[in-house]
Amino acid sequence: MGRVVVGVAVTVAVATCAVAALVVGRRVRSRRKWKRVANVVRELEEGCDTRVGRLRQVVDAMAVEMHAGLASEGGSKLKMLLTFVDKLPNGTERGTYYALHLGGTNFRVLRVQLSGQPSSDLEHEVERQPIPENVMTSTSQDLFDFIASSLKDFIAKEGDGSNISKDTRELGFTFSFPVKQMSVSSGILIKWTKGFSIVDMVGRDVAACLQEALTRKGLHVRVAALVNDTVGTLAVGHYHDPDTVAAIIIGTGTNACYLERVDAIIKCQGLLMTSGRMVVNMEWGNFWSSHLPRTSYDIDLDAESPNPNDQGFEKMISGMYLGDIVRRVILRMTLESDIFGPISPKLSMPFILRTPLMAAMHEDNSPDLREVARILNDIFEIPDVPLKARKIVVKVCDVVTRRAARLAAAGIVGILKKIGRDGSGGITGGRSRSDMKMKRTVVAIEGGLYSKYTLFREYLREALNEILGEDIAKHVILKVTQDGSGIGAALLAASYSS
Ligand code: ADP
Ligand code: MG
């Protein structure tokens, strides 16, 4: 009897020890895997460092590169393209003007009615439609016939339709691809981007191609202005507020333009008048500096992209890429641990996580992060992600977006510095920064990433305040425009109409 009791007691003790060892072992393993994930997050945070000191270095680098790009052709990764836009709309324009916008998510046709009085609510009509994929890779004739037909249909809907061949209409053409401009109304396509590939167009005058197509369709429409989307945004910003000095696009891609003194455009001295101002299209998506905080995810994304070593700034900032950076970090975590369960093959698919969904995860306010779980399940087919892992995903989105927004802010301050609107000049006789005169300065901003992503917008503003200091920053106003890139082209058609 005694032996049996002892035997049972021993068995129980051994079993208890085994279970305890198992539990401890599992806990240790679990702790290790969370630690590995925490390391991935910590490394990411360090790699994405945008403390204000570093942002100031980016500001300086931007201003330096702007100088270099203005000094000589090919002097910088910033192309600093001339636009020949030397007067911006001011509200006195009058009449009906048209615009076409190619290069955004949708192709757009617009009509704007101008009364000769600046109006806060510009009367305009817009029609949007996607460009059929076959047209994007066909011939220039197919592309421009498609565009001209859309305009013809749009005009035909005015009144009774008998007006197609009435007096000449003036049109602005927003063409958001890199163009070497020859005048306000002509320019040569340097290269296609964003999925367009019409080989016979490169090197040809875009406005002339459009003009020929309009004439083929029997339309009496004159292409009065050929503009980049940033320039359109600046035009509409300036129409509403004459203190507007620069415009930024932060959507699928990113770019900026600003008003420069002509005598600062050294590479064209002799060609241009030496007084006055001209809008310069920076093509800032291609900005690069060793001060930009770059991670292994950025390096891989760039190497696997169709345009390696190109558009480096854009790849850290714009809506095309942010979701994919986050995807790469989550993939790395699943390779390091099983906090997301078995590795889903979807995690290896480039661009499967679009930025709007990444933003939705970032901005999920539900206590159990339901939206995060849903998106991880829908997009990556990862079910039942534990709350702790969902929180980590939100953290990753936060780090990636915060870096993007803060770098965009540094870019903006770089422009302000270049044109002496960053408050760093003009200090007289020992006055403090807060006493000096800082002119009211407006920057027009357009694009879905900025206008629809609240946290991005807040981080950008916060960084601007940090870099400039509140006293200077309060004079810098960021104004969202909508359809500005198209409406602005119509306004420029008015400014430059014959
Ligand atoms: P485009 O840049 O093509 O002219 P938009 O300015 O409308 O068009 O920007 C669209 C881009 O903005 C999308 O590609 C996406 O990256 C981003 N975006 C749109 N909606 C959101 C959103 N809710 N949250 C975050 N980013 C968004
Ligand atoms: Mg756009």
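Refer to the structure above for everything that follows.
Here is what the cut-offs are and how they apply
- Residues numbered from 1 in each chain as written.
- Chains lettered and ligands numbered in written order.
- Predicted model: local features only at pLDDT ≥ 70, side-chain atom pairs only at ≥ 80, totals over all residues.
- Heavy atoms only, no water.
- Near = heavy atom within 4 Å.
- Polar contact = N/O pair within 3.5 Å; in protein donor to acceptor, adjacent residues only side chain to side chain.
- Areas by Shrake-Rupley, 256 points an atom, 1.4 Å probe, with all protein chains shown as cover.
- Nonpolar A, V, L, I, M, F, W, Y, C, P; charged D, E, K, R; others polar.
- Helix = DSSP H or I, 4+ residues; strand = E, 2+ residues; numbered from the N terminus.
- Buried < 20%, exposed > 50% of the residue type's maximum accessible area, 1.4 Å probe, protein only.
- 1 Å grid on protein atoms, 1.4 Å probe; cavity = no way out; pocket = protein on both sides within 12 Å on 5 of 7 lines; lining within 4 Å.
- Points joined across faces, edges and corners; volume = space filled by probe spheres on them.
- Core = buried A, V, L, I, M, F, W, Y, C linked by side-chain atoms within 4.5 Å.
- Phe/Tyr/Trp six-rings, centres within 6.5 Å; stacked < 30°, edge-to-face > 60°.
- Pairing = 2+ DSSP bridges.
- Axes fitted to C-alpha atoms, helices over the stretch in contact; angles between N-to-C directions.
- Contact = heavy atoms within 4.5 Å.
- Expected span 1.5 Å × (residues − 1).
- Parallel < 35°, antiparallel > 145°, perpendicular 65-115°, else oblique.
- Left-handed = near helix turned anticlockwise from the far one by under 90°.
- Salt bridge = Lys/Arg side-chain N within 4 Å of Asp/Glu carboxyl O.

A. Local environment of the site of ligand 1. In the region of ligand 1, 13 residues are neighbours, and T105, T252, G319, G447 and G448 sit closest. One of the backbone N or O atoms of L449 is found 3.2 Å from an oxygen atom in ligand 1. Expressed as a share of its isolated accessible area of 560 Å², the protein-covered part of ligand 1 is 75%. Here the shell around ligand 1 is built from residues that sort into 4 nonpolar, 8 polar and 1 charged.

B. Focus on unusual backbone geometry. Backbone geometry places N309, a non-glycine residue, at a positive phi of 65 degrees. For N309, the location among the structural elements is in the loop between α7 (296-304) and α8 (312-317). We classify N309 as exposed; its relative accessible area is 61%.

C. Focus on empty space enclosed by the protein. All told, the structure shown has 1 cavity of 30 Å³ or more when counted by the stated rule. Of the pockets and cavities examined, the largest cavity occupies roughly 100 Å³. V179, Q181, V227, N228 and N281 are, among the 13 residues lining the largest cavity, the residues nearest its centre. Residue composition of the lining of the largest cavity, by class: 9 nonpolar, 4 polar and no charged.

D. Representation of the nonpolar core within the structure. Core analysis: the biggest nonpolar cluster contains 95 residues, and I250, M282, W284, F340 and L460 have the highest contact counts within it. Counting residues per element, this core draws most heavily on helix α12 (residues 387-418), which supplies 18 residues.

E. Focus on the packing of aromatic side chains. Taken as a whole and assessed by the stated rule, the structure comprises 12 aromatic pairs. Ring geometry for W284 versus F313: centroids 5.3 Å apart, planes at 90 degrees, classification edge-to-face. On the criterion of sequence distance, the pair formed by W284 in the loop between β11 (277-281) and α7 and F313 in helix α8 is long-range, its members being 29 residues apart. On the accessibility criterion, F313 (0% relative accessible area) is buried. One aromatic cluster is present, formed by F144, F173, F175, F177, W192 and F196 through successive ring pairs.

F. Representation of the sheet that holds strand β3 (residues 107-115) within the structure. The strand order β4-β3-β2-β5-β8 describes an open sheet built from 5 strands, whose pairing is mixed. Only two strands of the sheet have a single neighbouring strand rather than two, namely β4 (123-129) and β8 (221-227). When strand polarity is set aside, the average angle formed by the axes of neighbouring strands in this sheet is 20 degrees. In the packing of helix α4 (residues 140-156) onto the sheet, the strands contacted are β2 (94-102), β3, β4, β5 (169-175) and β8, and the crossing angle to β3 comes to about 45 degrees.

G. Just the environment of F107, in detail. With respect to the helices and strands, the residue F107 is situated in strand β3. For the pair F107 and D229, spaced 122 residues apart in sequence, the C-alpha separation works out to 12 Å.

H. The arrangement of helix α16 (residues 484-495) in detail. Between the first and last C-alpha of α16 there are 15 Å, a value that for 12 residues agrees with the 16 Å anticipated at 1.5 Å per step. By the criterion of burial, α16 is predominantly enclosed, with 12 of the 12 residues buried. All of the buried residues along α16 are G484, S485, G486, I487, G488, A489, A490, L491, L492, A493, A494 and S495.

I. Summary view of the environment of I392. Inspection of the secondary structure puts I392 in helix α12. Measuring from C-alpha to C-alpha, the distance between I392 and I330 comes to 9.3 Å, with 62 residues separating the pair along the chain. Here I392 is in contact with W34, V37, V41, M333 and I339, once residues within four sequence places are set aside.

J. Structural context of the sheet that holds strand β1 (residues 81-82). The strand order across the open sheet built from 6 strands is β1-β11-β10-β9-β12-β13, with neighbouring strands paired in mixed fashion. What marks the edges here is a single partner per strand, and that holds for β1 and β13 (476-480). Where strand β9 (residues 244-250) lies against strand β10 (residues 254-261), 5 bridges are found, and the strand directions are antiparallel. Following the sheet pairing, A246 is matched in β10 by Y258.

K. Structural context of the packing of α4 against helix α5 (residues 206-216). At a minimum axis distance of 9 Å, the contact between α4 and α5 shows a crossing angle of 60 degrees. Put simply, α4 runs oblique to α5. Regarding α4 and α5, the two cross each other, and that crossing is right-handed. Of the residues in α5, those in contact with Q141, F144, D145, I147, A148 and L151 of α4 are V206, C209, L210, A213, L214 and R216.

L. Broad picture of the environment of P242. Relative to the helices and strands, P242 resides in the loop between α6 (229-240) and β9. On the basis of relative accessibility, which here comes to 61%, the residue P242 falls in the exposed class. For the pair P242 and A256, spaced 14 residues apart in the sequence, the C-alpha separation amounts to 18 Å.

M. Quick look at the side chain of D310. Within the element layout of this structure, D310 appears in the loop between α7 and α8. A polar contact is formed between the side chain of D310 and the side chain of K191, at a distance of 3.0 Å.

N. Quick peek at the pattern of salt bridges. Under the defined criterion, the tally for this structure stands at 35 salt bridges. Two residues, R204 and D200, come together in a salt bridge whose shortest N-O distance is 3.4 Å. Looking at R204, the relative accessible area reads 33%, which means it is partly exposed. Classification of D200 by relative accessible area gives partly exposed; the value is 36%. Among the salt bridges present, the one from D324 reaches R328, with a minimum N-O distance of 3.2 Å. With a gap of 4 residues between them, D324 and R328 both fall in helix α9 (residues 319-336), about one helical turn apart. Its relative accessible area of 11% is what places R328 among the buried residues. Connected through salt bridges with shared partners, the residues R111, E125, E158 and R169 form a single ionic network.

Honestly, that's just the spatial picture; any functional story needs more than this.
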